[in-house]
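Below, each chain spelled out in residue letters.
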Amino acid sequence: MGDASFLPSCFASVVSRSANRSKLQRCILKLSVDASLTVSSEDGSKVGWLDASAAAGGHRVAATILAAAEEAGEECFPVSNRWQTAGKPILDGLLGSRSTGSRIAPSTSALIDVAIRMLRGEKVADSINQGESNANVTITSGPASTGGRARSYSFGKLDNTVFLKPYPKGMQEYIISILRKDGESPVEVEVQESLLLTVLLSKSWKLCVFPNLAKETRRKVALGVLALSMNGTVSSSDEVLFSLPLPANEVAEMITSQQLLPSLGALSYLADYVSMNSKQLIRDGSVHTLFSALFKSLSELSSTLSNANEEVGFVQQSILSSLQELSDESSHSINGVDLVAETQFKSWLDLLISLLAGDSSNLRGIRTIRGKRTTLSLLTSLCSQYPSAVADKLIPAMEATLSNSQSLKEAGVLVECIGLIVPTYLNHATSADMSPLLLFTSFINATATKGDEQARIKQYQGFIGALPSVSKSRGSSCLVGDFASACLAAELYLSDREGKTSIGSTVLTIVSTQLLQNSSIHTKISAAWSMLGYGKEIILNLLGESLETNDRSSISVGDLLSLVSVGPSKRVTKKHLRDISKSKETKIKLCNLLLVAVGEAATSIQFNKFLRQLEASTSTEIFRFWQDLVLIQIACQNILGGSDKLDSGDFWNEVNGIVNGILRSLQSNLPPHIFLAFASSLIKEGGTEELRARAAQLIADGSISIHASAPEAGLFRDMLPFLNSLLDSPNSTERLLQQSAFVAIESIVRVLCLGTNKLKGNHQIVLAKAIARSAGLIQAEIAAFHGSTVRFEDVSRSSRQVVCSASLCAATCIRACGPQALASLPKLMKPLACFLSMANRFLCSGNFKGTEQTEAHMMQMAMLRTILAVTETLPLFLAPYLKDLFDPFGLPSEWLRKDPLVSVSVRGLTKSLDEAIVSHVPARIVIPAASKSLMTKEYDSGSLLSLLSLLNASTTKSKGSELSVHASTVLNVVTHVLEATDTRDGDDLFSASSDLFLALVLKLSEVQLRSLYFRLRDWRGDFDKLDPNKQATRRVAFWRLSASLSTRLKSIFLPCLGTVFSDAVDELVSDITCLIQSHGGRHLSNISGIVAQDTAATELSRRTKAKKADGKKKQRLDSSNVSSYTAKSLESLQYLLLCLEVSLRSDAHNGGTWVRDAEFQRFESLLGPLGKLFQCQLPDESSSIGAYSILVQGTKETSGSVVDCVVSLASAAGDEQLWKPLNHSVLQAASNEARSEVRKAGVMCLASLIRSIGEEYMVLVPECLPVLSELLEDSDEEIVGLAQECISLSEEFLGESLQDSL
């Protein structure tokens, strides 16, 4: 025989062929029952033909028979017959047995499984008809080999599965009875487990049988499974419970029927059932009853049960979770339930808020963090479905959550809870006609009034972290900045309330610097922009504009000001808001704090890193942020630039400092191409000229930090055509933009083009055009006055500034493009010289107002810099413009050089320009131009000195061959200056003229020198003995210049002096004639030229003498024919003596050959007049003594004297025979008994002779001793001292005492 696998086909064949089929069925089934019974040996004859206890494997045999009968098919063994005949009796027997073991045998488990399978009510297809390929039924596996149970499920096509209809009531009751078993024995547990796994967990049974059961039956089945789950004896009970397809209303009834729930655990299981089956339940039309039941249970549970029972909290959590799951599924379902129609909906929301608020006298609040999170999730889910009804409840929910936070340990969870409420509210606030401000102020009020600043900051940061979740259509990017601004305003209110009004207080500093610390970079950018927008509005309002709400903002500046004034807990009326908006102090504090926070965010490492990696496609927000910064910077600079209407100077300085710092950070971190794109866009699209101009200035600032060899330098150079196009603006009012364009071009060229080979040909063309536009603009400013004299004060301030900028731009561009600037020079140079003269004239007037003096200095610098650039770059083309440059108020003006008001920069530029003209422009160009200007225009002394200095430097630098053709020109200049200069007041001018003449002379040969000196003598003219004062001024200049030549040239000058020696002697003789005292009369002369302090008239003596006319006959000159002797004549005498003194001294060093030439004629010609000059008589007034001391004694170093000239003559003579007559003249003067000043002059001269000549002069000492002896007894102590000095010197040279000889 075959094994058990042949039994199904065998049973099917036998039964189908049997004439008494029903009897055979009962017999076979009864056999299985008998085999399954477990009885004692003595009772075995009573139960059947086989003793089950004695027969090995009775349960296995029974299980095998029943399984074969099941597989034989429904026609052979109907399921109802199998159940009534075998299945039910077997289970009754097993459940009624008293098993003492703790384990169930595998055979018993197999028998239970095959019996329980009958309870499914499934009709098995006929084995004969279907063959061996029957796939509709899969027999559930039985016990595992280890003795336990192996899980088994039915497989097959559900469409072909057929169940008993109607499902037998007996089977229903039997299932319920099994579920209600206490599970006291292992058999009961095994039967319950098999029932759950084989029947209740069967998908086909749950879908085809269970839903068709009566409502009460379903409820009993569910409660039975629930009881098993609560007992925990059957492991699969939870799975079965949560898989039962119960309608929503039945679940609701089970939840609300208190009699059916023996413990809180049952309610928890049902809540979990709802959570697990929410998707199925929400599609049920009665789901609203389930919502109602859950909320009712939650309310009763929270209000009636003991607070001490911790299980309550667990059940609360389960109910809340089930409600949340239902609500979430409802929001996702097409056929969502309308809970708003429920009359209790509002009370449900109030219940949730009350639970969040915590315990009260009649309510147990949510105590767990998880519970709070779930409650808030439920509220937000409901809000997303019913915004108009729920949105207004979110704020109380948030406040309740914050007020119920017990410690900082919950801070993280609170942040998470906030993250649920905030996005939901903001996404649906509009539907409920509510504003974000209400949420902000409520949160801030609940947060700011408790905890320290660190706790508040953490909650602030949590709120900010939730804002990016808001729909972009709701403006989430701006909400972060709006909330941050509100936080800062509230913190400012708290600081004021606590007496910490300083913006730099610790709390405000911490809040402002850490508020956005944990935010993402995009959030930080958006927030910074929004806060900056509020700051900008406040600044504009301080400047007079009305407060307006930004379209991007959800709150207004007025709202922020109310937060600062009254705090977040109060609401203000419109009237009160208007009053608050008038408070300047409040605005200043708020604006300052906002900008500090913006600065902290915009200069952070994260922000800078983002900027360095910025791409053009994502740069729009940064551009707007940068644009607002520029606008604020412009406003600050306008205020700090001179407005005196506001008294908040410190505020504007602080704002300007913060904004400048942010802009510097932006410009240093932005990629150059992005920065230039920003600036270009702002120049093209800027709303105001100031904004466009500032953008151009920022390009100039940005170029400074770029190295010329850096790759990005090319980007800046490529901006030149665009910037140059801004200079073509036909609108004359756009001066500021033009000025900024000039500045930007100048900066780029100076930093990135000069000294490099990076300048392309097209760039040079652009620069040439820029020079032409600069020249055209400057020329147009001059032409606007239509040829009238232009005064600096007549030129508007904007015109001055743009002229200076254009000039500086031209200067730099000229250096860069060189010869290509030639075409613009005719239009450029004359206006430059005109503006330079204009500024100098204005400074000379001293009539300054405001910043005019500074602006005049700026114009000086701009003009000088451009002229310097032309001079150094195109020196050979400067000739046509030197005439204008050498204007008295042009380059030579003292207002560029020595005046104390002249700035160091202007002086330095002037000096550089002078040096450039000297070193770059040939003398053949400079000397004619400067000489012509000097002789045709009127200069003041300072300007004249400057021009002479320039001529001197140019002459000194040039070669003699270059100067020979200009010698006459230079001489004309010198004589022009000397003749026009009063030597009493013009020492500087004479020195400058002298230096110029000397510079020329030093470049010439001796032959050229004598020729030039002869022409100088011709200019002086002949000495007129009849009128000694004629041309006295020229004689003064001539002899003074000759003295200077002699001093510098020394013996080289002696041949030149020889040509005028006779003139010198004649002048000396004439002077003696006038100065020696005469008894015939007196005349008065002004001698102020000799002594500066002396203004009295002095009467000089006259004398008649015989003179030969034509060498034949003497005639008398009456005293009336002798001209009065003026101070100029006397001054001429002084410089004549000085010239002779210096020349004789030089001759002495050269051996004295010149003065001893022609048999000592020159010596003799000089000795006589000089000796007589000792006796010249001046009036007896005290002032005349001073005049005599200067002329004769030589007390003034800068002019010549008789004493010094005689000493120089003696030194040059160098011969004892020549000394004797000279010594005689000296002793004669020292012996003058009538006049002490003459004696003094004589003894002074004697002392000088002894010192100068020394031991050689001792041969003449014996002649001097008598005179010296008398002088030792003179009443004038000074004379006595000089006499004693002579004796002492002589004794020193002789080596013996002279006391015996006295």
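What this report covers is the structure whose coordinates are included nearby. Since this is a predicted model, take the numbers as computed values, not measurements.

1. Quick notes on the packing of helix 52 (residues 1061-1075) against helix 53 (residues 1127-1149)
And then number 1: Here helix 52 crosses helix 53 at 135°, and the two axes come no closer than 11 Å. With respect to their mutual orientation, helix 52 and helix 53 come out oblique. For the pair helix 52 and helix 53, the sense of crossing is left-handed. Counting all contacts with helix 52, which are made through A1064, E1067, L1068, D1071 and L1075, the residues of helix 53 involved are L1130, S1132, L1133, L1136, L1137 and L1140.
And then number 2: The class makeup of the residues in the contact of helix 52 with helix 53 is eight nonpolar, one polar and two charged.

2. Comments concerning the packing of aromatic side chains
And then number 1: Per the stated rule, a full pass over the model turns up 28 aromatic pairs.
And then number 2: Arranged with centres 6.5 Å apart and planes meeting at 55°, the rings of F443 and Y460 form a pair that is tilted. Taken as a pair, F443 in helix 22 (residues 436-448) and Y460 in helix 23 (residues 453-466) lie far apart in primary sequence, 17 residues in all. Just as F443 is buried, Y460 falls in that class too.
And then number 3: Here W626 and F675 contribute two aromatic rings whose centre-to-centre distance is 6.2 Å and whose plane-to-plane angle is 80°, an arrangement assigned as edge-to-face. Residue W626 is located in helix 31 (residues 620-640), and its partner F675 is located in helix 33 (residues 672-685); the two are separated by 49 residues in the primary sequence. Neither W626 nor F675 differs from the other in exposure class; each is buried.
And then number 4: Among the aromatic side chains, those forming a connected cluster through ring pairs are F440, F443, Y460, F463 and F483.
And then number 5: In this arrangement the basic side chain of R1020 is found over the ring face of F1038, its NZ or CZ atom lying 4.9 Å from the centre.
And then number 6: We note R1162 situated over the ring of F1061; from NZ or CZ to the ring centre the distance is 5.8 Å.

3. What to know about the side chain of N840
And then number 1: Among the secondary structure elements, N840 is positioned in helix 40 (residues 825-845).
And then number 2: In this view, N840 contacts Q860, F889, G890, S893, W895 and L896; residues no more than four positions away in its chain are not counted.

4. Topic: the packing of helix 33 against helix 34 (residues 689-704)
For any two helices packed against each other, one specifies the inter-axial angle together with the distance between the axes.
And then number 1: Packing of helix 33 against helix 34 brings their axes to within 8 Å, and their N-to-C directions diverge by 155°. Judged by the angle between their axes, helix 33 and helix 34 are roughly antiparallel. Crossing angle aside, the handedness with which helix 33 passes helix 34 is left-handed. Between helix 33 and helix 34, the contacting residues are F675, L676, A679, L682 and I683 on the first element and L691, R692, A695, A696, L698, I699 and G702 on the second.
And then number 2: Here the contact of helix 33 with helix 34 is built from residues that sort into ten nonpolar, one polar and one charged.

5. Here's the deal with the side chain of S297
And then number 1: If you trace the backbone, S297 turns up in helix 16 (residues 287-304).
And then number 2: A relative accessible area of 6% means that S297 is categorised as buried.
And then number 3: Setting aside residues no more than four positions away along its own chain, S297 makes contact with I255, L267 and I319.

Scoring rules and cut-offs
- Residues numbered from 1 in each chain as written.
- Predicted model: local features only at pLDDT ≥ 70, side-chain atom pairs only at ≥ 80, totals over all residues.
- Heavy atoms only, no water.
- Axes fitted to C-alpha atoms, helices over the stretch in contact; angles between N-to-C directions.
- Helix = DSSP H or I, 4+ residues; strand = E, 2+ residues; numbered from the N terminus.
- Parallel < 35°, antiparallel > 145°, perpendicular 65-115°, else oblique.
- Left-handed = near helix turned anticlockwise from the far one by under 90°.
- Contact = heavy atoms within 4.5 Å.
- Nonpolar A, V, L, I, M, F, W, Y, C, P; charged D, E, K, R; others polar.
- Phe/Tyr/Trp six-rings, centres within 6.5 Å; stacked < 30°, edge-to-face > 60°.
- Buried < 20%, exposed > 50% of the residue type's maximum accessible area, 1.4 Å probe, protein only.
- Lys NZ or Arg CZ within 6 Å of the ring centre and 35° of its normal.

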